[in-house]
Amino acid sequence: MRDRLLNAAEQVVGRDGVANLTLEAVANEAGVSKGGLLYHFPTKSALITAIVERMAVQCEGDQERAVAADPCPTGAFTRAYLAARAEPREPHKRPVHTALLAAAGTDPQYLDPFRKRFLEWQARLASDGIAPEVATIVRLALDGLALGRLLDLPGPEGELRRKVIEKLISMTRGE
């Protein structure tokens, strides 16, 4: 039920924007009573925080799968971080990400689930078996590419983007 409600909330945010995210709209989208929604999410803030938390957990899962699949343990987490952000995996969720970024502008606490994980991820990057400054450069480059796409800022596309990603990967291997 919880995932169903979060999916419905993402549908509302993606379609109508975060300003139009109401508990009633989410309940209607999910086909449940408002009381049923309130049982899981007593406030709009709790609902938004849960969406962000779920995104962070999904991102973490993507990274862990990439680490497990990497035959070279040195720099594996840094490459996993890169793989999780190099290309948007779910283009249909872009409006949701953009809306949540806008929501964070009104209440910065909405990003707390990511802030907590970023601290953990940075610690893992710093102890990934490659130079910590290299791992951090890779992280910052990927964060910039991802944020640039989210905000529709001009950035490298096509062949140049591919070469940038390849260069970042080669940096994680000491090349």
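Structure shown above.
Reference entry: report on the structure contained in this document. This structure is a prediction, so every number in the text was calculated from the model and none was measured. (Residues numbered from 1 in each chain as written. Predicted model: local features only at pLDDT ≥ 70, side-chain atom pairs only at ≥ 80, totals over all residues. Heavy atoms only, no water.)

## Section: helix α4 (residues 44-69)
An α-helix turns once every 3.6 residues. As a result, residues three or four positions apart point the same way.
So, point 1. The end-to-end C-alpha separation of α4 is 38 Å, in line with the 38 Å expected for 26 residues at 1.5 Å each.
So, point 2. For α4, every residue scored as buried is listed here: Leu47, Ile48, Ala50, Ile51, Val52, Arg54, Met55, Ala56, Cys59, Gly61 and Gln63. (Helix = DSSP H or I, 4+ residues; strand = E, 2+ residues; numbered from the N terminus. Expected span 1.5 Å × (residues − 1). Buried < 20%, exposed > 50% of the residue type's maximum accessible area, 1.4 Å probe, protein only.)

## Focus on the packing of α4 against helix α7 (residues 112-126)
So, point 1. At a minimum axis distance of 9 Å, the contact between α4 and α7 shows a crossing angle of 20°. The orientation of α4 relative to α7 falls into the category roughly parallel. Across the interface between the two elements, Thr49, Val52, Glu53, Met55, Ala56, Val57, Cys59, Glu60, Gln63, Glu64 and Val67 from α4 touch Pro113, Phe114, Arg117, Glu120, Trp121 and Arg124 from α7.
So, point 2. When grouped by side-chain class, the residues that make up the contact of α4 with α7 number nine nonpolar, two polar and six charged. (Axes fitted to C-alpha atoms, helices over the stretch in contact; angles between N-to-C directions. Parallel < 35°, antiparallel > 145°, perpendicular 65-115°, else oblique. Contact = heavy atoms within 4.5 Å. Nonpolar A, V, L, I, M, F, W, Y, C, P; charged D, E, K, R; others polar.)

## Quick notes on the environment of Ile130
So, point 1. Tracing the backbone through its elements, the reader meets Ile130 in the loop between α7 and α8 (132-150).
So, point 2. The exposure class assigned to Ile130 is buried, which follows from its relative accessible area of 14%.
So, point 3. For the pair formed by Ile130 and Phe41, sequence separation is 89 residues and the distance between their alpha carbons is 42 Å.
So, point 4. Apart from residues lying up to four places away in sequence, Ile130 is in contact with Thr74, Gly75, Thr78, Ala135 and Thr172.

## Considerations on the packing of aromatic side chains
So, point 1. Within this structure, the stated rule accounts for five aromatic pairs.
So, point 2. Where Tyr81 meets Phe118, the ring centres are 6.4 Å apart and the plane angle is 75°; that geometry is what we call edge-to-face. On the criterion of sequence distance, the pair formed by Tyr81 in helix α5 (residues 76-85) and Phe118 in helix α7 is long-range, its members being 37 residues apart.
So, point 3. For Phe118, a relative accessible area of 24% translates into the label partly exposed.
So, point 4. Taken together, a centroid distance of 6.1 Å and an interplanar angle of 75° make the contact between Tyr81 and Trp121 edge-to-face. Taken together, the residues Tyr81 in helix α5 and Trp121 in helix α7 connect sequence positions 40 residues apart.
So, point 5. Look at Tyr81 and you get buried, because its relative accessible area is 0%.
So, point 6. Grouping aromatic residues by their ring pairs yields a cluster made of Tyr81, Phe114, Phe118 and Trp121.
So, point 7. Over the ring of Tyr81 we find Arg85, and its NZ or CZ is 3.5 Å from the ring centre.
So, point 8. Here the basic side chain of Arg85 rests over the ring of Trp121, its NZ or CZ set 5.0 Å away from the ring centre. (Phe/Tyr/Trp six-rings, centres within 6.5 Å; stacked < 30°, edge-to-face > 60°. Lys NZ or Arg CZ within 6 Å of the ring centre and 35° of its normal.)

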